[in-house]
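# Inside the fold
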Amino acid sequence: MTHLPTLSWTDAGSETDAETHHTALWRSEAGNPPPKRVVIADDRTAADTAYRLACEGTALLWHGDFQNARQLLQAMSRRADRKPRKTAESAIDAFNLHRQAQSQRARTLGMLLIPLDADYTVPLRRAPDVRAACREAYGPSDAASVVSLRELLGLIGAHEWRKKGVEIPALGGGRIHPHYGVFSPVRGEYIDLVANAPLPSTALAFDIGTGTGVLAAVLAKRGVKHIVATDQDPRALACARDNLAHLGLQSQVEVIEADLFPEGRAPLIVCNPPWLPARPSSPIERAVYDPDNRMLRGFLDGLAAHLEPAGEGWLILSDFAEHLGLRTRDALMAMIEAAGLQVVGREDIKPKHPKASDPNDPLHQARAAEVTSLWRLKAR
């Protein structure tokens, strides 16, 4: 517990009682520092007041009814969403403005804080039991802490997703249960690509950056006899192992910690790297944002050395970054060529997620044009 910073605040006290100083551990999955200014808020705090203080960088530590805190957060969200959008002159401007607005919104709404007892009990009226959700995300605890209500609601949602799971048609109705902090396979098109592309071999495959283990599971269901699935993130490794065991595939799939490739060569190597070359602002965004194309370049540059003769590397990649002006098709082809690879085939699919057809989305033009591809690569 010593690696966590602390948050300090003062209860104002009454005419007869002196001020009381408090300290608790500060939790932030995004790595945000503890707020420097903290005031006590409760059921009497008006939404306008709360939103103004949050915009000014003052955190509100909630001492009232938990459900009222949720309603206050919703009211603050509505005020944040009423802020006028700046006009973008290009796709990349729209992306940068969207990211900037998302970041500002997250900072503001993250200023409404909730106390947690040492066992993760929320000491507030009408508070839900969040102990299991917190233990899944944070691990064991032996000290009181404070967390933003927004993050806590995310933990609760992730806990429910983990219990319910996500049905994957390519697994014959099997379900994947994402752990907190591991990207959920809710966009099924990339899974469909792996489920339908012609297999170059069923002897062995590597799944690079396995995450929940969903692609390794699909390959196993397709008859690949042995799969080595890699990841660097401890949460992803635990998540993949749990999912594969739940599906009864643990004897077919070996999950190991590795930066990209395991040792040896394989006739099939699959990778679904983050699709956007930009800096993530929180750990979970590492599944979406790949600064300077680090993972993409690492996969391409190391692929030829790990492919068996006549083997194939499957790169699953959306062209969303191209429509946003973050990466060009020519740049991608240059990376492939520089890595000593050649394209021997490509399977394409259009996205099906709701944002692709939402004209009110600030990135709608790019989303509507997006295509996800499975690039079949071989060493030259």
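Attention here is on the structure that accompanies the text. Quantities reported herein were computed from a predicted structural model and do not represent experimental measurements.

Reading guide: rules and limits
- Residues numbered from 1 in each chain as written.
- Predicted model: local features only at pLDDT ≥ 70, side-chain atom pairs only at ≥ 80, totals over all residues.
- Heavy atoms only, no water.
- Helix = DSSP H or I, 4+ residues; strand = E, 2+ residues; numbered from the N terminus.
- Buried < 20%, exposed > 50% of the residue type's maximum accessible area, 1.4 Å probe, protein only.
- Salt bridge = Lys/Arg side-chain N within 4 Å of Asp/Glu carboxyl O.
- Pairing = 2+ DSSP bridges.
- Axes fitted to C-alpha atoms, helices over the stretch in contact; angles between N-to-C directions.
- Contact = heavy atoms within 4.5 Å.
- Polar contact = N/O pair within 3.5 Å; in protein donor to acceptor, adjacent residues only side chain to side chain.
- Parallel < 35°, antiparallel > 145°, perpendicular 65-115°, else oblique.
- Left-handed = near helix turned anticlockwise from the far one by under 90°.
- Nonpolar A, V, L, I, M, F, W, Y, C, P; charged D, E, K, R; others polar.

A word on unusual backbone geometry. Backbone geometry places tyrosine 120, a non-glycine residue, at a positive phi of 75 degrees. With respect to the helices and strands, the residue tyrosine 120 is situated in the loop between strand 5 (112–116) and helix 4 (131–138). Phi at aspartate 292 takes a positive value of approximately 55 degrees, unusual for a residue other than glycine. As for its position among the elements, aspartate 292 is in the loop between strand 12 (266–271) and helix 9 (294–306). Aspartate 292 gets classed as exposed once you look at its relative accessible area, which sits at 65%.

With that settled, consider the pattern of salt bridges. On inspection of all chains with the given rule, the structure shows 19 salt bridges. Between arginine 99 and glutamate 285 there is a salt bridge whose closest N-O contact spans 3.1 Å. Linking arginine 99 in helix 3 (residues 91–109) with glutamate 285 in the loop between strand 12 and helix 9, this pair joins segments that are 186 residues apart in sequence. Like glutamate 285, arginine 99 is buried. Among the salt bridges present, the one from aspartate 259 reaches arginine 294, with a minimum N-O distance of 3.8 Å. One end of the pair, aspartate 259, is in the loop between strand 11 (253–257) and strand 12; the other, arginine 294, is in helix 9, with 35 residues separating them in the sequence. Look at aspartate 259 and you get partly exposed, because its relative accessible area is 44%.

A few words on the pairing of strand 15 (residues 372–379). Each regular strand carries side chains that alternate between the two faces of the sheet. In terms of burial, strand 15 is a largely internal element, six of the eight residues being buried. Pairing geometry for strand 13 (residues 307–318) and strand 15, over six bridges, is antiparallel. Along strand 15, the bridge assignment pairs tryptophan 314 with arginine 376. Here strand 14 (residues 341–349) pairs with strand 15 via eight bridges, running antiparallel. Opposite aspartate 348, over in strand 15, you have serine 373 as the bridge partner.

Note: strands within a sheet are paired through backbone hydrogen bonds, in either parallel or antiparallel orientation. Pairing is mixed in the open sheet, where seven strands are placed in the order 11-10-9-12-13-15-14. Both outer strands of the open sheet, strand 11 and strand 14, are each paired with one neighbouring strand and no more. Each adjacent strand pair in this sheet contributes to an overall mean axis angle of 20 degrees, direction not counted. Pairing of strand 10 (residues 226–231) with strand 11, which is carried by five bridges, proceeds in the parallel orientation. Note that in strand 11 the partner of alanine 229 across the bridge is valine 255. Against the sheet, helix 9 makes contact with strand 9 (204–208), strand 12, strand 13, strand 14 and strand 15, and its axis sits at roughly 165 degrees relative to strand 13, the strand it touches most.

For the rest of this paragraph, the subject is the side chain of arginine 187. Considering the arrangement of structural elements, one finds arginine 187 in the loop between strand 8 (175–176) and helix 6 (189–196). Among the polar contacts listed, one links the side chain of arginine 187 to the side chain of glutamate 189, at a separation of 2.4 Å. Reaching out from arginine 187, the side chain makes a polar contact with the side chain of glutamate 370 at a distance of 3.0 Å. Apart from the residues within four sequence positions on either side, arginine 187 is in contact with Trp275, Pro351, His353, Glu370 and Thr372.

A few words now on the packing of helix 6 against helix 7 (residues 214–221). Where helix 6 contacts helix 7, the axes come no closer than 9 Å and their chain directions differ by 30 degrees. By the angle class used here, helix 6 and helix 7 are roughly parallel. Viewed along their axes, helix 6 and helix 7 form a crossing whose handedness is right-handed. Contacts between helix 6 and helix 7 involve Tyr190, Ile191, Val194 and Ala195 on the former and, on the latter, Val214, Leu215, Val218 and Leu219. Tallied by class, residues from the contact of helix 6 with helix 7 come to eight nonpolar, no polar and no charged.

A few words now on the packing of helix 4 against helix 5 (residues 149–164). Their axes nearest at 9 Å, the elements helix 4 and helix 5 cross at an angle of 90 degrees. Classified by the angle their axes make, helix 4 and helix 5 are roughly perpendicular. Of the residues in helix 5, those touching helix 4 at Ala132, Ala133, Cys134, Glu136, Ala137 and Tyr138 are Glu151, Leu152, Leu155, Ile156, His159 and Arg162. Partitioning the contact of helix 4 with helix 5 into residue classes produces eight nonpolar, one polar and three charged.

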